[in-house]
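Now for the letters of each chain:
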2 protein chains.
Amino acid sequence: MPKYDAIIIGAGILGLATAYHIKREKPNQKVLVIDKKPAAGQGNTAKSGGMFRSFFYSKTNFKLANSSIEFYKRLEESGVDLGMRWTGYLWLFQEDQYKRLEADLKEMERRGGEFKLIDRREIEEKLNINTKAGESEEAEIMNLKNIDVGLLVPKAGKIDVEKLVAYYEREFLRMGGEVIYGTEVDEIIVEPEIKLELPGEPYFWQEAKVSGVRMGSKIIRGKKIIVATGVWADQLLDGIGVDSYQKPKKRQIFVVKAEEEKLKRLLYAEGFNREGCIPFTILPYPRIYVKPSIEEEAFWIGYADDFNRPFQLEEEPQPEENYYRYGIYPVLSAYMPQFKDANPINAWAGQYAINTFDGQPVIFGERNLIVVGAASGSGIMKADAIGRIASALYFGREKAELYGGEEFKVEHLGIKNRYVEREEFVI
Amino acid sequence: MPKYDAIIIGAGILGLATAYHIKREKPNQKVLVIDKKPAAGQGNTAKSGGMFRSFFYSKTNFKLANSSIEFYKRLEESGVDLGMRWTGYLWLFQEDQYKRLEADLKEMERRGGEFKLIDRREIEEKLNINTKAGESEEAEIMNLKNIDVGLLVPKAGKIDVEKLVAYYEREFLRMGGEVIYGTEVDEIIVEPEIKLELPGEPYFWQEAKVSGVRMGSKIIRGKKIIVATGVWADQLLDGIGVDSYQKPKKRQIFVVKAEEEKLKRLLYAEGFNREGCIPFTILPYPRIYVKPSIEEEAFWIGYADDFNRPFQLEEEPQPEENYYRYGIYPVLSAYMPQFKDANPINAWAGQYAINTFDGQPVIFGERNLIVVGAASGSGIMKADAIGRIASALYFGREKAELYGGEEFKVEHLGIKNRYVEREEFVI
């Protein structure tokens, strides 16, 4: 007899949100979470930029993010500290970029997306940045743009990922969930329903299913196995011929302290939010982002490069000094001269688990195996919805109820009947 | 200056069909085909079952296969020997399996798919096989079915893959195309449009493109690079952060000689086709196929196992004796007792390049790179259409003209605006 109803491999944000919602729905389920790291959320979850926004064109993205953010907000209101800071998002655009987005923005507004437009004068006044970078000498070679308009989205900000992970883990444990950390799953075991002792069984004519996991010489059996290991999923799934639809791509974050007065003034820019800081700001092109971290009196700076950034699974991806120096710095300091001569005091790298087909999460079942992942860089802000949908799939329901009551058809994030609306608002 | 207009990596059937159609459309293009094998079509193309059928539910599949088959047929009629044998396909079904297909078959007929139904009595008469396998002792454990109805598709058969490859290669060379065999491409080179001599360039703010290929210390430059290496594509594309959407899955073929009289009678079964042989026959369940090879007085036997068959790139995948003995043999001999005690005299294995999302080919451009592949096991029968579509993409056209004049929107096999009709008739 299997010892567990569910074995979840991966104690990242998606694995724990799934574990939590399974226990929340049916506390009598015996659920085990296994992770190779010594504690929860220590893989790529820990490397996340930790941002959220309820502002997407795609209905899929909007539902997943908005309901998750509402859930996190409710938790905070009920006294759980998740370190949420409603800094807002500020996209900076040249006029022609904005024009191309205008129709989509109207549609997003109609669907309930909130935003406010800010003109160049106001951007200059509040941030004192260079709105004429597109006319500079380097502009042509670096493809810089002028800044003519800002799109400020208020229902957005940052969240403390560690605290969010800790919440799901704590509640999961409180309800009797079990964890094994510091132990790597080496193999997902497939066995025939009826053992015939044929060499190499099961053969294709035998009924077979995944029956457990092997860690070294130890085998633990479960009725269902849920793989939520992000970029590491194919290491387990390739062996049983199941695709996880995620490819690893390195993402780097550089921390620059607001030491000089000019950077402090930029960090504590007023008039955008109640936090009294610059919003999470995205430059016109290349779309480098600048995230305020008042707690550290610093900025987190990053860029999501695509073409020519390898797909390469790395256990401990490292940030690259040259990526900041030659990639980010010249662009950043052209738009925001406050960063001139400022150097990162810290940096790290993680890996996005990218669904290269449509960039949205994948949640599907194959026999008694469930795969949850491919969050493609927006896993934190969608984790609660993803956990609810994975839990619905686990219990065999067609629909998941997201926080707030909206229903979501489970198969829409699956493969065979996948239906995800394309994201038109790509930052 | 780049030496070539197009460098095509991979001299398999898709690479050569693409090369041929580019030259056919514009003979002045300088086109180079490179392959690591010592000759054309020596990778997984050579391992193919070499079957074709103009019988699919999905309009995408039907168009690609039908137009390609018509092209091959026209070549044969004009004197090019491609070893086409119109054996037909024969699917064997239990009544309830057939019932579930009935509506789809009606629709396929309406769309021009030809077929004929054969009842049990006729199957018994012509093939002398066991139509009552579903009532045998092993039936439950092996999931065997009775055979109540046969679906005979006449516009189908086999083709000599080597001859098809040789045709495309010969014509490509005749038009002045160039080849380099026996040389492996180690890297696709990405370079900035304007070199600034920054360490690690190009950075994301630099205009960059693929500019050539490196083979050892030798670099050859081309204006466009086309990757048509099937399962090996990610080895090249991962490095530049582009997905090829194909995963490798081993497929095995076992050759059984028709030595005994009973097997000879099965091989030379009359009344199905002008070849005077058993059609390419697919058992009810598990769907093992039996292909007639009159030239060898033999059968080719195979099965496309899915779950628990690893995704694993292998340079020289090997057939497994146990896969025949314990997998195929017990099922095959239960349905076709003529195979009792018969053993394979030859066997080999290749790898399908599977698109795990929708099982259909992928043809897309990324900057000046083109990726052609993911034929998912039906590359031979669709190769001509795929070559025409890839050629259209190469020349920047929105539509390809398939053989026979039908148009095909190139982006429908791409990623961003992909539109492929789902295959309902899965064998």
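The rules we used
- Residues numbered from 1 in each chain as written.
- Chains lettered and ligands numbered in written order.
- Predicted model: local features only at pLDDT ≥ 70, side-chain atom pairs only at ≥ 80, totals over all residues.
- Helix = DSSP H or I, 4+ residues; strand = E, 2+ residues; numbered from the N terminus.
- Rg over C-alpha atoms; globule rule 2.2 N^0.38 Å.
- Buried ≥ 20, exposed ≤ 12 C-beta atoms within 10 Å, placed from the backbone.
- Contact = placed C-beta atoms within 7 Å.
- Pairing = 2+ DSSP bridges.
- Axes fitted to C-alpha atoms, helices over the stretch in contact; angles between N-to-C directions.
- Nonpolar A, V, L, I, M, F, W, Y, C, P; charged D, E, K, R; others polar.
- Expected span 1.5 Å × (residues − 1).
- Core = buried A, V, L, I, M, F, W, Y, C linked by C-beta atoms within 7 Å.
- Least-squares fit on C-alpha atoms with pLDDT ≥ 70 in both.
- Domains from an automatic or database assignment.
- Bend = angle between axes of the 7 residues up to and from the residue.

Participant: Explain the overall build of chain A to me, using residue names and the numbers behind them.
Facilitator: In terms of helices and strands, chain A carries 10 helices and 20 strands. The C-alpha atoms of chain A give 23 Å as radius of gyration, which agrees with the globular expectation for 427 residues (22 Å, within 12%). If you line up chain A on its principal axes, its C-alpha atoms span 75 × 45 × 35 Å. Classification of the 427 residues of chain A by burial places 51% in the buried group. For chain A, long-range pairs separated by at least 24 residues make up 74% of all intrachain contacts whose partners lie at least 6 apart in sequence.

Participant: How would you summarise the sheet that holds strand E16 (residues 346-354) of chain B if you had to cite specific residues and measurements?
Facilitator: Residues and elements named next belong to chain B. What the eight strands build is an open sheet, ordered E5-E6-E4-E13-E14-E15-E12-E16; its pairing is mixed. Strands at the two margins of the open sheet, each flanked by one partner only, are strand E5 (116-119) and E16. For this sheet, the mean inter-axis angle between neighbouring strands, taken without regard to orientation, is 25°. Of the strand pairs in this sheet, E5 and strand E6 (residues 149-153) are connected by four bridges, and their pairing is antiparallel. Each residue of the ladder has a partner; that of Leu117, found in E6, is Leu151.

Participant: Provide a residue-level description of the interface of chain B and chain A, including the pertinent values.
Facilitator: Taken together, the contact between chain B and chain A spans 39 residues of the former and 39 residues of the latter. The set of elements that each furnish at least two residues to the side of chain B that touches chain A consists of helix H5 (139-142), strand E12 (247-257) and helix H9 (321-335) of chain B. Looking at which element gives the most residues to the side of chain B that touches chain A, the answer is H9(B), with four residues. Taken together, the residues of the side of chain B that touches chain A sort by class into 21 nonpolar, nine polar and nine charged.

Participant: Give a detailed account of helix H2 (residues 59-77) of chain B, specifying residues and quantitative values.
Facilitator: Residue and element names in this part refer to chain B. Spanning 19 residues, H2 covers 26 Å between terminal C-alpha atoms, matching the ideal 27 Å at 1.5 Å per step. Among the residues of H2, those classed as buried are Thr60, Asn61, Phe62, Lys63, Leu64, Ala65, Asn66, Ser67, Ser68, Ile69 and Tyr72. Packed against the buried residues of H2 are strand E3 (51-53), helix H6 (161-174), helix H10 (379-394) and strand E20 (407-409). Within two residues after H2, Gly79 carries a phi angle of roughly 105°, on the positive side.

Participant: So what about the pairing of strand E15 (residues 298-303) of chain A? Which residues, and what values?
Facilitator: All names here are of chain A. Summarising burial for E15: six of the six residues are buried, a large majority. Going residue by residue along E15, you find Ala298, Trp300 and Gly302 tucked away on one face and Phe299, Ile301 and Tyr303 tucked away on the opposite face as well. For strand E12 (residues 247-257) and E15, the ladder comprises six bridges, and the chain directions are antiparallel. Paired with Val256 across the bridge in E15 is Phe299. With five bridges joining them, strand E14 (residues 289-293) and E15 adopt antiparallel strand pairing.

Participant: Before we move on, can you summarise the nonpolar core with the specific residues and values?
Facilitator: A:Leu16, A:Ile226, A:Ile386, B:Leu16, B:Ile226 and B:Ile386 are the most contacted members of the largest nonpolar core, which totals 263 residues. With sequence-adjacent residues up to four places away left out, A:Ile226 is seen in contact with A:Ala6, A:Ile8, A:Ile9, A:Thr18, A:Ile370, A:Val372, A:Ala390 and A:Tyr394.

Participant: Please provide a residue-by-residue account of the relation of the copies chain B and chain A, values included.
Facilitator: When chain B is fitted onto chain A, the two copies agree to an RMSD of 0.0 Å after a turn of 180° and an axial shift of 0.0 Å. On the angle and the small slide along the axis, the relation comes out as a two-fold axis. Considering only C-alpha atoms, the part of chain B nearest the rotation axis is B:Phe357, at 4.2 Å. Of the interface residues in chain B, 100% have counterparts in chain A that sit at the interface too, so the contact is made through matching surfaces.

Participant: Talk me through the domain arrangement of chain A; I want residue IDs and the actual numbers.
Facilitator: Residues and elements named next belong to chain A. Split into domains, chain A comes out as domain 1 (4-49 + 162-246 + 357-413) and domain 2 (89-153 + 248-352). Placing the centre of domain 1 and that of domain 2 at their C-alpha centroids yields a distance of 34 Å. Each partner contributes residues to the interface: domain 1 has seven residues there, and domain 2 has 12 residues. Residue composition of the side of domain 1 that touches domain 2, grouped by class: one nonpolar, five polar and one charged.

Participant: Can you explain the environment of A:Glu102? Please cite residues and give values.
Facilitator: Residue position: A:Glu102 is located in helix H3 (residues 95-110). For A:Glu102, a count of 9 C-beta atoms within 10 Å gives the class exposed.

Participant: How would you sum up the environment of A:Leu127? Please name residues and give values.
Facilitator: Residues and elements named next belong to chain A. Following the sequence through the fold, Leu127 ends up in helix H4 (residues 120-127). Linking Leu127 and Met336, residues 209 residues apart in sequence, is a C-alpha distance of 8.7 Å. In contact with Leu127, not counting residues within four places along its chain, are Leu266, Ala269 and Ile278.

Participant: Break down unusual backbone geometry for me, with residues and values.
Facilitator: It is generally the case that most residues other than glycine have a negative phi and that most peptide bonds are trans. All names here are of chain A. Pro286 follows Tyr285 through a cis peptide bond whose omega is -15°. A positive phi angle, near 60°, is found at Ser376, a position not held by glycine. Topologically, Ser376 is positioned in the loop between strand E18 (369-373) and helix H10 (379-394).

Participant: Explain the sheet that holds E14(A) residue by residue, including any values.
Facilitator: Residue and element names in this part refer to chain A. A sheet is described by the order of its strands in space; here eight strands give the open sequence E5-E6-E4-E13-E14-E15-E12-E16, paired in mixed fashion. Each edge of the sheet is formed by a strand with only one pairing partner; in this case those strands are strand E5 (116-119) and strand E16 (346-354). Here the strands of the sheet are splayed against their neighbours by 25° on average, with no regard to which way each runs. Sheet analysis places strand E4 (residues 89-93) next to strand E13 (residues 280-282), joined by three bridges and oriented parallel. Bridge assignment links Trp91 to a residue of E13, and that residue is Ile282. Along the sheet face, H4 touches E5 and strand E6 (149-153) and points at about 80° away from the line of E5.

Participant: I'd love a proper account of helix H3 (residues 95-110) of chain B, names of residues and values included.
Facilitator: All names here are of chain B. End to end, H3 covers 22 Å across 16 residues, agreeing with the expected 22 Å (1.5 Å per residue, within 8%). Remark: the principal bend of H3, roughly 45°, maps to Glu102. With one of 16 residues buried, H3 lies mostly on the surface of the structure.

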